[in-house]
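Close look at the chain arrangement
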Amino acid sequence: MVNRHIRLSRSIVGQQEAEAVSRLLIEDGYLGMGKEVKAFEEDIAQFLHVPRARVICVNSGTAALHLAVQAIAKPGDKILVQSLTFLSSFQAISAAGAIPIACEVDKETLTLDIEDAKRRLTHDTCAVMPVHYASNPGRLDDIYEFASKNKLRVIEDAAHAFGCTYHKRAIGTFGDIACFSFDGIKNITSGEGGAVISSDEGVQRQTRDARLLGVQKDTEKRFSGERSWEFEVTHQGYRYHMSNIFAAIGRVQLSRFEREFKPKRIEIARRYRSNFSQLKDVKLLESNLQEIVPHIFPIRVLQGKRDSLRNFLADKGIESGVHYKPNHLLSFYGAQKGSLPVTEGLYEELLTLPLHPGLTDDDVEYIIEIVREYFSQK
Ligand SMILES: *Cc1c(COP(=O)(O)O)cnc(C)c1O
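Structural notes, computed from the coordinates. (Residues numbered from 1 in each chain as written. Predicted model: local features only at pLDDT ≥ 70, side-chain atom pairs only at ≥ 80, totals over all residues. Heavy atoms only, no water.)

We now examine the overall build of the protein. Secondary structure assignment for the protein yields twelve helices and twelve strands. Taken against the 2.2 N^0.38 rule, which gives 21 Å for 378 residues, the C-alpha radius of gyration of the protein at 21 Å falls within 12% of a compact globule. In the protein, the share of contacts with a sequence separation of at least 24, taken over all contacts with a separation of at least 6, comes to 71%. With the model as given, the accessible surface of the protein reaches about 16300 Å², and the carbon-plus-sulfur share is 49%. Within the protein, one finds 49 positive and 50 negative side-chain charges whose respective centroids are separated by 1 Å. (Helix = DSSP H or I, 4+ residues; strand = E, 2+ residues; numbered from the N terminus. Rg over C-alpha atoms; globule rule 2.2 N^0.38 Å. Contact = heavy atoms within 4.5 Å. Areas by Shrake-Rupley, 256 points an atom, 1.4 Å probe, with all protein chains shown as cover. Lys, Arg positive; Asp, Glu negative; His and termini not counted. Charge placed at Lys NZ, Arg CZ, Asp CG, Glu CD.)

Next up, the structure:
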């Protein structure tokens, strides 16, 4: 018991991924963006049942968000986004010269509080960025209705929500723009990576070019094994394309998702929920495990007990996390302490428990036992 160490999260990769990478290194020898990336985009399109032109892979989820913002916003435009999100959402907005407007979250789901977002709408708001926190899309219908009434674009930060559905439709298959992350610990990983998914052809074209320094139609060339020696550029671009190495890992991961990762993540979350729902000082978030594949398992710890529970777990070899430090508290985003009381209150309560498909039944049992032990004493 004493020597246990349970990680909050980790990449679940092994022999199959190693073989795919090895095949690419040894047999293919083309490590840039080529056939393997094209195949990964096709695999994702097939998985989502969308036309393949809609899927654009890049080298991180942050890059996906940045390119999505750049495709729809002008410098100085405002984008409504919940403060309680990974720094990436905010950095992607400011990287494109747009201004993130920090909003509150709904206390039950920690997704965007749409009523609060409505109050922050101004004439120069161009978009809303709902974050599917802990894989929950929240009140997405209401967000789309609000957006269409006010002619706003919607960029879904779906970094947590790969493989999830909303009213039985897969995230990324409806709506405006969705961005996934395939970083090391997400629902599937490509090592690092991400994807922009959109049915808007303008967004597709811009994103495809912008991932390769803005070189027009370079994607088509690279996918057929050529290079652009003569080219035209009309927009700012970046080196955000995905490499074949990442894509080789991602393709294996995608093939393991339905049978392996998805049921395991759901099962762990179910066990936590059934064991913690009665604890007086714990509040579980609303979460529909019929539709979501949970990326993280945050709980709210009430009565000021969060830090002492966190220390108790650490003493027993269990890592935990805090998702996330609200962005409006950061100097770069104005250090506006006191401006979002709901979010700031939640920030004191949040604790994320380990959730990844590498946890054994025994690990989960142990975590449950230790959490219960803490609350039986205090
Ligand atoms: C992981 C994550 C991102 C960014 O993805 P990277 O691939 O790590 O760049 C963006 N938003 C949220 C909410 C995330 O959790």
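There is more to say, and it comes next.
Taken across its five residues, strand S2 (residues 78-82) has four buried, putting it largely inside the fold. Across five bridges, the pairing between S2 and strand S3 (residues 99-103) is parallel. Each bridged residue has a counterpart across the sheet, and for Gln82 the counterpart in S3 is Cys103. Across four bridges, the pairing between S2 and strand S4 (residues 125-129) is parallel. (Buried < 20%, exposed > 50% of the residue type's maximum accessible area, 1.4 Å probe, protein only. Pairing = 2+ DSSP bridges.)

Here the focus is the packing of helix H3 (residues 61-72) against helix H4 (residues 87-95). Interaxial distance between H3 and H4 falls to 8 Å at its minimum, and their mutual angle equals 40°. Overall, the two elements H3 and H4 adopt an arrangement that is oblique. Judged by the twist between their axes, the crossing of H3 over H4 is right-handed. On the side of H3, the interface is formed by Thr62, Leu65, His66 and Val69, while H4 contributes Ser88, Ser89, Ala92, Ile93 and Ala95. (Axes fitted to C-alpha atoms, helices over the stretch in contact; angles between N-to-C directions. Parallel < 35°, antiparallel > 145°, perpendicular 65-115°, else oblique. Left-handed = near helix turned anticlockwise from the far one by under 90°.)

Pairing is antiparallel across the open sheet formed by three strands, whose spatial order is S10-S11-S12. If you trace the sheet from one side to the other, it starts and ends with strand S10 (282-284) and strand S12 (350-353), each paired once. Strand-to-strand twist of the sheet, defined as the mean angle between neighbouring strand axes without regard to direction, takes the value 40°. With four bridges connecting them, strand S11 (residues 297-301) and S12 associate as antiparallel partners. Residue pairing across strands places Pro298 opposite Thr352, the latter belonging to S12. In this fold helix H10 (residues 306-315) packs onto S11 and S12, with an angle of close to 25° to the strand it touches most, S12.

Attention shifts here to the nonpolar core. In this structure, Phe40, Ile44, Ile171, Phe182, Tyr272 and Phe276 are the most contacted members of the largest nonpolar core, which totals 74 residues. Looking at which element gives the most residues to this core, the answer is helix H9 (residues 244-276), with nine residues. Summarising the domain contributions, this core has at least three residues from each of domain 1 (15-251) and domain 2 (257-377). The next biggest cluster of nonpolar side chains, apart from the first, holds 31 residues, and it includes Ala64, Ala96, Ala210 and Leu340. (Core = buried A, V, L, I, M, F, W, Y, C linked by side-chain atoms within 4.5 Å. Domains from an automatic or database assignment.)

With that settled, the discussion passes to the pattern of salt bridges. Applying the stated criterion to the full structure yields 33 salt bridges. Across the pair Arg251 and Glu36 runs a salt bridge whose closest N-O atoms are separated by 3.1 Å. Of the two residues, Arg251 is situated in helix H9 and Glu36 in helix H2 (residues 35-48); the sequence distance between them amounts to 215 residues. Its relative accessible area of 29% is what places Arg251 among the partly exposed residues. For Glu36, a relative accessible area of 8% puts it in the buried group. Within this structure, Lys38, Glu41, Glu42, Arg52 and Arg211 form a network of salt bridges that share partners. (Salt bridge = Lys/Arg side-chain N within 4 Å of Asp/Glu carboxyl O.)

This part is about the site of the ligand. Every one of the 16 residues lining the ligand counts as a neighbour, but Gly61, Thr62, Ser181, Asp183 and Lys186 are closest to it. With respect to the ligand, the side chain of Thr62 contributes an N or O atom lying 2.5 Å from an oxygen atom. Here Asp183 contributes a side-chain N or O atom positioned 2.6 Å from an oxygen atom of the ligand. Relative to its free-state accessible area of 370 Å², the ligand is covered by the protein chains to the extent of 94%. Counting residues per element, the shell around the ligand draws most heavily on H3, at three residues. (Near = heavy atom within 4 Å. Polar contact = N/O pair within 3.5 Å; in protein donor to acceptor, adjacent residues only side chain to side chain.)

Okay, the sheet that holds strand S1 (residues 55-58) next. Within a sheet, adjacent strands bond to each other through the backbone by hydrogen bonds, running parallel or antiparallel. The seven strands are arranged S1-S9-S8-S5-S4-S2-S3 in an open sheet whose pairing can be described as mixed. Strands at the two margins of the open sheet, each flanked by one partner only, are S1 and S3. In this sheet, neighbouring strand axes are inclined to one another by 25° on average, regardless of whether the strands run parallel or antiparallel. Pairing of strand S8 (residues 177-181) with strand S9 (residues 194-198), which is carried by five bridges, proceeds in the antiparallel orientation. In the strand pairing of S9, Cys179 is matched with Val196. Contacting S2, S3, S4 and strand S5 (153-157), H4 runs over the sheet at an angle of about 175° to S2.

Structurally, the position occupied by His160 is in the loop between S5 and strand S6 (165-166). A polar contact of 2.7 Å, which involves the side chain of His160, links it to the side chain of Tyr324. When residues no more than four places from it in sequence are discounted, the contact partners of His160 are His132, Tyr133, Ala134, Ser135, Lys186, Asn187, Val293, His295, Ile296 and Tyr324.

Turning to the packing of H2 against H9, a few remarks are in order. Following both chains from N to C, one finds H2 and H9 inclined at 25°, their axes separated by 8 Å at the closest point. With respect to each other, H2 and H9 are oriented roughly parallel. Judged by the twist between their axes, the crossing of H2 over H9 is left-handed. Residue-level inspection shows Lys35, Glu36, Val37, Ala39, Phe40, Asp43, Ile44 and Phe47 of H2 in contact with H9, the latter providing Asn244, Ala247, Ala248, Gly250, Arg251, Leu254, Phe257 and Glu258. Classifying every residue of the contact of H2 with H9 by side-chain character gives nine nonpolar, two polar and five charged. (Nonpolar A, V, L, I, M, F, W, Y, C, P; charged D, E, K, R; others polar.)

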